[in-house]
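Structure assessment
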Amino acid sequence: MEKEVSMEESSSDLVLILDFGSQYTHLITRRVRSLSVFSLCISGTSPLSAIASLNPRVVILSGGPDSVHEPLAPSFADGFVEYAEKNGVYVLGICYGMQLIVQKLGGLVEPGTTQEYGGVDIEILKTIGLFGNKQVGGRDHVWMSHRDVAVRLPEGFEATARNPKTGVVAAVEDVTRRFFGVQYHPEVTHSRDGMKTLEYFLFDICGVKATWKMEDVIHQELKRIKDTVGPDDHVICALSGGVDSAVAATLVHRAIGDRLRCVFVDNGLLRYKERERVMEIFANHLHLPVTCIDASQQFLDKLKGVTEPEKKRKVIGKEFISIFDVFAQELEHTFGKRPAYLVQGTLYPDVIESCPPPGSGKQRSHTIKSHHNVGGLPKDMRLKLIEPLKLLFKDEVRELGKILEVPEKFLKRHPYPGPGLAVRIIGDVTEENKLEMVRMADEIFIKTIEEKGLYDAIWQASVVMLPCLSVGVQGDQRSEGRVVALRAVTSEDGMTADWYAFDEPFLREISVRITNNVKGINRVVLDITSKPPGTIEWE
């Protein structure tokens, strides 16, 4: 994500995270925002001009999997240190970020004799800077994940914490130059006082103000939409039936009124009776005029024989845009002017997962998967995008939706992927009657969750069909049927997740319900994988 940013991008209180590939980087962004301070995350190797254009008050250098000794190890741009010193920017390095500071400013980093992974107790050496609210000799339990260590500090730096057992430096700082570093990860909950340290750093050391509010986001995005869309322009909004597109549509509708034209596409990959249910919600609860297009056969024809997950997403993204282009032509005939913009409910996690930070030949961490409304869009599409939520996490979108008076029932809906059941059926989705089997199994799973009062405790629940047959016994006869996996997770933002621990009676009941009521399925298994290492969707 280089530039094209809104939401007070020029704010003097912006906290900018330079991402060097740590699995925890997004947590830094989340933790800072939870303190009512706006933060953004960009590639750690971004040019200095990109950093300067955002005018940050604070820059945090994330952790990462590399060693500063590696020839191609990522680093901040040339001139960054001088820029920070000249402009009064505060810099905090975390793990790899601390090692970068030490090495680039004249210190020495070497491979450690032992590696530190997991919980470690550190000792506070000096109560200046980061630990100004602690006592010398005090202990703090933190989460380490490193193999290199700082053995000589740059001139002007002091060690303010260490591992008392190994003597390894755990925190450094040069208060005069406003450079700070911690060898551990304060952003994870395993670091006991990590949030207190971040809070003290931002408010007491950097002087940042806790002024970022969702109301401000609404005002900024309304202005941005009005400035972008001409007074006579019409805009198409792709509604999926999910929270994100509904909130995005409500926001854009508030900005331009009835010049917003909403469209809901039945791509043949929806859940059980999803089209009927969603259209009823649009009409009776959101009061948005929506055109429903049945393109199910068009999508399924294009997906026939496609088994590779990324190709599925690309095919689906291309077909959506093709349909929107046709819809735009129809609107042009009606209103005499072709719509120029397409609204989508893209979120920050979509952007992060589709656009990797530095490295691996294309920038440090790999693309996890292309989201159909980010990496899955064709390069030659004619409509320009409006994505008013693309810098927000899911919980922030729900908060914004409450302010916009989107019905709570709608805001609490579980996320549903744009490619729909295409990424919940491993392999070719058009074979046999796989779609109907998964629809019915999913409906039973969700309804049972609702009956037991568990729906709001779960971030997302789904049924996944595996690409294999299972031998079973049904009606005293040997059977060959499909295998489905139950997937239910808890999460705050979709970037990390843990599997939901159903009790045994629930699992026994849901297995019986599915195998008894869905013809063709004779085995039910449970997915107990967190994210990471897995993703929430299987494909």
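Each remark here, short or long, concerns the structure printed above.
Described below are features of the structure shown in this document.

About the thresholds
Residues numbered from 1 in each chain as written. Predicted model: local features only at pLDDT ≥ 70, side-chain atom pairs only at ≥ 80, totals over all residues. Heavy atoms only, no water. Helix = DSSP H or I, 4+ residues; strand = E, 2+ residues; numbered from the N terminus. Buried < 20%, exposed > 50% of the residue type's maximum accessible area, 1.4 Å probe, protein only. Contact = heavy atoms within 4.5 Å. Expected span 1.5 Å × (residues − 1). Salt bridge = Lys/Arg side-chain N within 4 Å of Asp/Glu carboxyl O. Core = buried A, V, L, I, M, F, W, Y, C linked by side-chain atoms within 4.5 Å. Patch = residues over 30% accessible without salt bridge, like charges linked within 9 Å, V, L, I, M, F, W, Y side chains within 5 Å. Areas by Shrake-Rupley, 256 points an atom, 1.4 Å probe, with all protein chains shown as cover. Pairing = 2+ DSSP bridges. Axes fitted to C-alpha atoms, helices over the stretch in contact; angles between N-to-C directions.

1. Structural notes on the environment of E319
Here E319 is to be found in helix α10 (residues 309–335). Note on E319: relative accessible area 8%, which makes it buried. Sequence separation between E319 and Q298 is 21 residues, and the spatial gap between their C-alpha atoms is 8.1 Å. In contact with E319, not counting residues within four places along its chain, are Q298, F299 and K302.

2. Some remarks on helix α5 (residues 194–205)
Taking 1.5 Å of rise per residue, the 12 residues of α5 would be expected to cover 16 Å, and the 15 Å separating its terminal C-alpha atoms lies within 8% of that figure. Among the residues of α5, those classed as buried are G194, T197, L198, Y200, F201, L202 and I205. Residues of α5 that are buried in the fold lie against β1 (15–19), α1 (25–34), β3 (58–61), β4 (90–94) and β9 (179–182). One or two steps after α5, the chain reaches G207, where phi turns positive at roughly 75 degrees.

3. Things to note about the pattern of salt bridges
Taken as a whole and judged by the stated rule, the model has 35 salt bridges. Among the ionic pairs, D395 bridges to R30, the shortest N-O distance being 2.7 Å. Placement of the pair is D395 in helix α12 (residues 394–403) and R30 in helix α1, with a sequence separation of 365 residues. The shortest N-O distance in the salt bridge between R177 and E85 comes to 2.6 Å. Remark: E85 occurs in helix α3 (residues 80–87) and R177 occurs in the loop between β8 (169–174) and β9; sequence separation between them is 92 residues. What makes R177 partly exposed here is its relative accessible area of 25%. Beyond isolated ion pairs, a larger network of salt bridges with shared partners links R30, R33, D395 and E396.

4. Looking at the nonpolar core
Ranked by internal contacts, the top residues of the largest apolar core, which has 111 residues, are L18, V58, I60, L61, F201, V247 and L260. No other element matches the 9 residues that helix α7 (residues 243–256) contributes to this core. Residues in contact with L18, not counting those within four places in the same chain, are I42, S43, G44, I51, V59, I60, L61, S62 and F76. Counting residues in each nonpolar core, the second largest holds 51 residues, with I236, F320, V463 and L486 among its members.

5. Brief notes about the environment of I60
Its location among the elements puts I60 in strand β3. The exposure class of I60 is buried, given its relative accessible area of 0%. Ignoring anything within four residues of it in the chain, the contact list for I60 reads V15, L16, I17, L18, I28, V32, L92 and I94.

6. Comments concerning a nonpolar patch on the surface
The grouping of W499, L526 and I528 at the surface amounts to a nonpolar patch, some 250 Å² of accessible area in total. If you trace the backbone, W499 turns up in strand β17 (residues 498–499). According to the relative accessible area criterion, W499 is partly exposed, its value standing at 31%.

7. Focus: the sheet that holds strand β12 (residues 290–294)
The parallel open sheet is built from 5 strands, whose spatial order is β12-β11-β10-β13-β14. Looking along the sheet, the strands with just one partner apiece sit at the ends: β12 and β14 (384–386). Sheet twist, expressed as the average angle between the axes of neighbouring strands with direction ignored, equals 30 degrees. Pairing between strand β10 (residues 235–239) and strand β11 (residues 260–266): 5 bridges, direction parallel. Paired with C237 across the two strands is C262, which belongs to β11.

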